[in-house]
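Secondary and tertiary structure notes
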Amino acid sequence: MARFAPLTLGQLGGSPSTPDRPARAVGGKRHRHPRLARLIEAAQDVARRCHTAAPDRRGLSKGRLSLLRELEREGPQTVPQLGRALRVSRQHAQVVANSLAEAGYVEFAANPAHKRSRLVRLAAAGSQLVSELKRSERQQFEALRVEAEPGDVERAAEVLQRVSSALKAARAQRRRRAGI
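Numbers given for residues are sequential positions, taken from 1 along each chain in its written order. Reporting of local features is limited, given that this is a predicted model, to residues whose pLDDT is at least 70; pairs of side-chain atoms are given and counted only at 80 or more, and all residues count toward the totals for whole chains, interfaces and linings. Side-chain numbers come from the whole structure's heavy atoms, not from hydrogens or water.

1. Things to note about unusual backbone geometry
Backbone geometry follows two general trends: most residues other than glycine have a negative phi, and most peptide bonds adopt the trans configuration. This is how the line gets drawn: Put simply, DSSP marks the helices as runs of H or I at least four residues long and the strands as runs of E at least two long, and each gets a number from the N terminus on.
Of note, Arg 87 is a non-glycine position whose phi angle comes to about 60 degrees, a positive value. Tracing the backbone shows Arg 87 in the loop between helix H4 (79–86) and helix H5 (90–102).

Printed below as a string of C-alpha cells:
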C-alpha cells in the first residue's frame, strides 16, 4: 500500500487561486481550495443520499435518528452533551430526547456526576431499533455496486476521518481562544 506524507488542509485543498488559475466554483462560490471543497461536497452529497435512500427509517426524522445513533455509539449522555455532539442547541436536543422518550426509544436516568442534569440512554426498544436500522443499511450498502480499486473506500474513509479530526481540533482551538 502506498504511504502518503501528511498534508495540511490547505495543501490537501490545493494551492490558492491565482489570476492565471482560478478557483473552482462550487455552489456558485469560488473556493480557495477546490479539491478540499470537492471532497467535502461529495461527502455531504453521499450523506444526504444515504439518508433519503434508507429503506427503513421507521418514520423518524434525521435529528431523531442522529440522537439514537449518537447514544448507541457513545453511550448515555446529558442533553447538553448530546447538543454539542449533534451540533444543535441544548433546547433542541431536549425536545428530540423528550419525543424519543415518549415513543419509548430512550429513557432518562440519574446522573451520578450531576444532580440536575439527567442522563439520556437508549431504552431496549431504542437499542433494538438502531440494530435493525443498521442491519437494513448494511444490506442496502452490500447491494451497491461501486467501481473502485481495492482499498479506495478505506483510504477515502481515512482521509475523511482526518479532515473531520482536523476540523474538530480547529473548532476546539477557536473555542479556547474565545474562552468558551
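Resuming the write-up.
2. Overview of the confidence of the model for the chain
If pLDDT is low for a region, its predicted coordinates should not be looked at in detail. Our working rule: A residue's pLDDT is the predictor's confidence in that residue, given on a scale from 0 to 100. Should any heavy atoms of two residues lie within 4.5 Å, those residues are considered in contact.
When pLDDT is averaged along the chain, the result is 82; 79% of the residues meet or exceed 70. Contacts of residues 1–7 to residues separated by more than four positions or lying in other chains number four contacts, the stretch itself having pLDDT below 50. In the model, residues 11–24 has pLDDT below 50 throughout and makes 29 contacts with residues more than four positions away in sequence or in other chains.

3. Description of a positive patch on the surface
So the rule is basically this: Patch construction takes residues with relative accessible area above 30% that form no salt bridge. Like charges are linked within 9 Å, and nonpolar side chains (Val, Leu, Ile, Met, Phe, Trp, Tyr) are linked within 5 Å. Surface accessibility follows the Shrake-Rupley procedure with a 1.4 Å probe radius. Residue values consider only the protein chains on display as shielding. Every case where a carboxyl oxygen of Asp or Glu lies within 4 Å of a side-chain nitrogen of Lys or Arg is listed as a salt bridge. Residues counted as positive are Lys and Arg, residues counted as negative are Asp and Glu, and His and the chain ends are not counted. Note on charges: their place is set at NZ of Lys, CZ of Arg, CG of Asp or CD of Glu.
A surface patch of positive charge is lined by Arg 87, Lys 168, Arg 171, Arg 174, Arg 176 and Arg 177. You can see Arg 171 is positioned in helix H7 (residues 152–178).

4. Focus: the layout of surface pockets
Short version of the rule: Within this scheme a cavity is a closed region of a 1 Å grid, computed over the protein atoms alone, that accommodates a 1.4 Å probe without allowing it to escape, whereas a pocket is open but has protein on both sides within 12 Å along at least five of seven lines; lining residues each have an atom within 4 Å of a point. Grid points are joined across faces, edges and corners, and a volume is the space filled by probe spheres set on the points.
By volume, the largest pocket is sized at about 2600 Å³. If you trace the largest pocket, you find 46 residues lining it, with Ala 43, Gln 44, Ala 47, Leu 160 and Ser 164 closest to the centre. Those elements that provide at least two residues to the lining of the largest pocket are helix H2 (34–53), helix H3 (62–74), H4, helix H6 (124–143) and H7. Element by element, the count of residues in the lining of the largest pocket is highest for H7, at 15 residues.

5. Digging into the pairing of strand E5 (residues 114–122)
As a reminder, the rule being used: For two strands to count as paired, DSSP must find a minimum of two bridges between them.
Pairing of strand E3 (residues 77–78) with E5, which is carried by two bridges, proceeds in the antiparallel orientation. Following the sheet pairing, Gln 77 is matched in E5 by Val 120. Sheet topology note: the strand E4 (residues 106–111)/E5 ladder contains five bridges and is antiparallel. Bridge assignment links Ala 109 to a residue of E5, and that residue is Leu 119. In textbook terms, the turn of a hairpin is the stretch between consecutive antiparallel strands, and for E4 and E5 this stretch comprises two residues.

6. A look at the side chain of Asn 111
Selection rule: We call a residue buried when its accessible area falls under 20% of the maximum for its residue type, exposed when it is over 50%, and partly exposed in between, using a 1.4 Å probe and counting protein chains only. Definition of a polar contact: a pair of N or O atoms within 3.5 Å, with one able to donate and the other able to accept a hydrogen when the atoms are protein atoms, and with sequence-neighbouring residues admitted only if both atoms are side-chain atoms.
Tracing the chain through its elements places Asn 111 in strand E4. Residue classification places Asn 111 among the buried positions, given a relative accessible area of 13%. At a separation of 3.0 Å, a polar atom in the side chain of Asn 111 contacts the main-chain amide nitrogen of Ala 113. Here Ser 117 takes part through its backbone oxygen, which lies 2.9 Å from a polar atom of the side chain of Asn 111. Aside from chain neighbours lying at most four places away, what touches Asn 111 is Thr 78, Ser 117, Arg 118 and Leu 119.

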